Amino acid sequence: MTYVNRCLLVFSTVLVALGLYATSAAAQGVSYNDVARTADNTPLSNGMVAVCSFATLSNPGNVGEPCAPLATIYTNAALTTPAQNPITADIHGNFSFWAAPGTYFIEFYSPLRATSPFTETVTLGCVPNSNAVGCGSGNTISVTAYGAKCDDTTDDTSAIQAAVNALPTTGTTTGGMVTFPVGACRTTAAINVTTPNVTFEGTGHFQFITQNPPPSYIDFQGTTPQNAINVNAQGFAMDNLGVKYPTTIGGPLAAPASPVLSQVTGSSCPAEAYYVEATYVSVQGQTVDSPEATYTTTAGNCLQVASPPAETGATGWNVYVSSNSNNETLQNASPLAIGASWTFGGTLVNLGFRPAVNTTAYSAIYDPNGAQLDGVKLFTSLSASVGTAATANGYTSFGCCGKLQNVYIAGFGIGVFGSGSNNDFSIKDSYIQADNVGAFIVNGADINIEDDDFEGNGVGNFKMLYGSPYKVTGNYFEQQGTNPPSYNVQVGDTTIPPLGFTPTPGAITIDNNFMQCNLTVYPPAPIVVETSQVLDIERNSFSQCEHENIVDDTVSGSIA
């Protein structure tokens, strides 16, 4: 866990009796939360924290002694109740206080050990619209300043969205930090982030051992399919915050049934056998294709494909047709309306190949640009059991540079779904547990899965489809051991439809992992290789895997 730059500048307005914001003449406090630490970035257990006036600092503090002069700090936002200074941090180093806006000198020290103190200077900003001396640039905003209660009863959607929207959208200081207090911030609609370089900062880190919700989290209680956090800008980050997602919405749409085919009068069409598949389209993506249907037209008639029936969440449908079995290509340039049939115009076209994966599932966090997540917990009520194929995804990523570190993702259909070109993507020091599939990376370059814990994921722990290179090293994998038998690592997939090329991942290294099986039936083995180019498997440990550790289904024998 990295504790540097975890300062939580949590602002709060003081409400007058009529519920309005206090005027600038009233005291307006700023809350500061952090972790006391030593110079080598280690939490200072049961240490002391001295908060001093930076403007009049006369003594930066000595071994076992506080700095001087000590500033006046408070226990409440109204700045009416003074707090102890120096502050006694808890066993984990956590501490907090309220103070007037301004710059402060903070010293972390131990009165019991001859340890050199560690110091830092922090500037506390202001609540929105405040004219108080010491106000910052407006790049750090608290959701409580916009009315969020975070009591898991009040709908905080509008307040959180207002805080996000208040960050600068242009200039050299675009974006900033949105802070969340301890508590569950209930939302009923997606929080949309459209400004670059926005960070969501919570209060406190989740505890893995206790499996409790994190101290700060968004409790998304929407009733229609949508993402809890929808990002459409680069540079999004989240620290020390959680998102709880419901299990009743947001899962992937099922593929349509086999298409209903017929023919209609049309002189431009040849008499021929056709093969047809269809998919549903949603705002979020496209389902996998339907079972194949075939129909042979007679002279003077053209193929007609009936629309699949209406489906909740489906906004349209696509049709794939070929004169050869299992080779269908997209025929419509834009999605067809549900209820509108498609009629062959006389010449088959190729506007795309059938989808390799279903992308219609919604997510706790949906980010087409690659987020930076640290100390984040994404969870559902199934976290203590296992997610299903019908539940939403935890984190869905597209594009470059997603970095997940110290995250916990549990209770989803797919814990981490990398559905686009996930270049320079990594999952490190994280727990991916109790999902239907732990992590599934469809495509990308420079994928690093390192020092993680994958276990309890029903179908499998980690699957890669294509792209290169992949580095899977230093992980703990434990197979679910239920029906169906699960895999720890699957390389490639021969069951997906042709995409105009063979989806074969390459330059894969799987080393220094621990593979715990607990299987009672076979196949598969802990490592299953369906398609691959260059694959290096070495220095892995296997436990309770009987006699089959690696299944190589490739023809070329590509394992080094």
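Calculation notes
Residues numbered from 1 in each chain as written. Predicted model: local features only at pLDDT ≥ 70, side-chain atom pairs only at ≥ 80, totals over all residues. Heavy atoms only, no water. Helix = DSSP H or I, 4+ residues; strand = E, 2+ residues; numbered from the N terminus. Buried < 20%, exposed > 50% of the residue type's maximum accessible area, 1.4 Å probe, protein only. Contact = heavy atoms within 4.5 Å. pLDDT = per-residue confidence, 0-100. Polar contact = N/O pair within 3.5 Å; in protein donor to acceptor, adjacent residues only side chain to side chain. Pairing = 2+ DSSP bridges. Axes fitted to C-alpha atoms, helices over the stretch in contact; angles between N-to-C directions. Disulfide = S-S within 2.5 Å. Phe/Tyr/Trp six-rings, centres within 6.5 Å; stacked < 30°, edge-to-face > 60°. Lys NZ or Arg CZ within 6 Å of the ring centre and 35° of its normal. Core = buried A, V, L, I, M, F, W, Y, C linked by side-chain atoms within 4.5 Å.

Turning our eyes to something else, we now look at the overall build of the protein chain. On a plain count of helices and strands, the protein chain comes out with one helix and 46 strands. Counting over 560 residues, the protein chain shows a buried share of 54%. Contacts spanning at least 24 positions in sequence make up 67% of the contacts within the protein chain whose residues lie at least 6 apart.

Attention now goes to the confidence of the model for the protein chain. On average, residues of the protein chain score 85 in pLDDT, and 87% of them are at 70 or above. Under a pLDDT of 50 for its full length, residues 1-27 has, in the predicted model, 85 contacts with residues more than four places off or in other chains. Overall, residues 127-137 carries pLDDT values under 50, and its contacts beyond four positions in sequence, including any with other chains, amount to 20 contacts.

Once that is clear, we can look at helix α1 (residues 157-165). Residues of α1 that are buried include every one of T157, A159, I160, Q161, A163 and V164, and no others. The inward-facing, buried residues of α1 abut β8 (140-142), β9 (151-155), β10 (176-179), β11 (183-187), β12 (191-193) and β13 (198-201).

Along the polypeptide, D367 turns up in strand β25 (residues 363-367). At 3.4 Å, the side chain of D367 forms a polar contact with the backbone nitrogen of G370. Here the side chain of D367 touches A371 through a polar contact of 2.7 Å, landing on its backbone nitrogen.

With that settled, consider the sheet that holds strand β36 (residues 453-455). Taken in spatial order, the eleven strands line up as β9-β11-β14-β17-β27-β30-β33-β36-β39-β42-β45 in an open sheet, and their pairing is parallel. Single-partner strands in this sheet number two, and they are β9 and β45 (541-543). Here the average twist between neighbouring strands, direction ignored, is 15 degrees. Pairing analysis gives three bridges linking strand β33 (residues 431-433) to β36, with the strands arranged parallel. Bridged to Q433 within β36 is E455.

For the peptide bond that leads from A68 to P69, omega is -5 degrees, which places it in the cis range. Tracing the sequence through the fold places P69 in the loop between β3 (48-53) and β4 (87-88). Look at the link from N85 to P86: it is a cis peptide, with omega at 10 degrees. Residue D152 is not a glycine yet carries a positive backbone phi of 65 degrees. Its location among the elements puts D152 in strand β9.

Looking now at the pairing of strand β28 (residues 393-397). Along β28, five of the five residues are buried, which leaves the element largely enclosed by surrounding structure. Bridging between β25 and β28 involves four bridges; their strand directions are parallel. Among the inter-strand pairings, I365 is bridged to a residue of β28, identified as Y395. Across three bridges, the pairing between β28 and strand β31 (residues 414-421) is parallel. Counted as the bridge partner of S397 is G418 from β31.

Right, let's get into the state of the cysteines. Under the defined criterion, the tally for this structure stands at four disulfides. For C269, the disulfide goes to C302, at an S-S distance of 1.8 Å. Of note, the bridge from C269 to C302 carries an S-S torsion of about 100 degrees and is right-handed in sense. Here the residue C269 occupies a position in the loop between β18 (261-265) and β19 (273-281), and C302 occupies one in strand β21 (residues 301-305), the gap between them amounting to 33 residues. Across the pair, C302 and C269 agree in class, each one buried. The side chain of C400 participates in a disulfide bridge whose partner is C401; the two sulfur atoms lie 1.7 Å from each other.

The relative placement of two aromatic rings is captured by the distance of their centres and the angle of their planes. A complete count under the given rule lists 15 aromatic pairs for this structure. Here the aromatic rings of Y32 and F95 are separated by 6.1 Å at their centres, their planes lie at 45 degrees, and the arrangement is tilted. On the criterion of sequence distance, the pair formed by Y32 in strand β2 (residues 30-35) and F95 in strand β5 (residues 94-99) is long-range, its members being 63 residues apart. No difference in accessibility class separates Y32 from F95, as the two residues are buried. Seen from their ring centres, F180 and F200 are 5.3 Å apart, and the 55 degrees between their planes marks the pair as tilted. Of this pair, F180 sits in the loop between β10 and β11 while F200 sits in strand β13, and the two are 20 residues apart along the sequence. Classification of F200 by relative accessible area gives buried; the value is 0%. Directly above the ring of F379 sits K377, whose terminal nitrogen or CZ lies 5.4 Å from the centroid.

Let us now look at the sheet that holds strand β26 (residues 372-374). Working definition: the strands of a sheet are paired by backbone hydrogen bonds and lie parallel or antiparallel to each other. As summarised here, the arrangement of the eleven strands in space is β8-β10-β13-β16-β26-β29-β32-β35-β38-β41-β44, forming an open sheet in which the pairing is parallel. Since the sheet does not close on itself, it has two edges, and those belong to β8 and β44 (535-538), each with one partner. Across this sheet, the average inter-strand angle for adjacent strands is 10 degrees, counted without regard to direction. The pairing of β8 with β10 spans three bridges and is classified as parallel. What sits directly across from T140, in β10, is M177.

Side chains that are nonpolar tend, in soluble globular proteins, to be buried together. In this structure, F200, M238, Y395, F462 and I510 are the most contacted members of the largest nonpolar core, which totals 63 residues. Take this core: its biggest share by element is four residues, from α1. When sequence neighbours within four positions are dropped, the list of residues in contact with F462 reads A439, I441, I449, Y470, V472, F477, Y487, N488, V489 and Q490.

Moving on: the environment of I338. On the secondary structure map, I338 appears in the loop between β23 (329-330) and β24 (342-343). Expressed as a C-alpha distance, the spacing of I338 and A310, which sit 28 residues apart in the sequence, is 6.2 Å. When near neighbours in sequence (up to four residues on either side) are disregarded, I338 contacts Y280, S307, P308, P309, A310, A314, T315, G316 and W317.

This part covers the environment of S543. Looking at the secondary structure, you find S543 in strand β45. Sequence separation between S543 and M515 is 28 residues; the distance between their C-alpha atoms is 6.2 Å. Engagement of the side chain of S543 in a polar contact is seen with the side chain of Q516, the distance being 3.2 Å.

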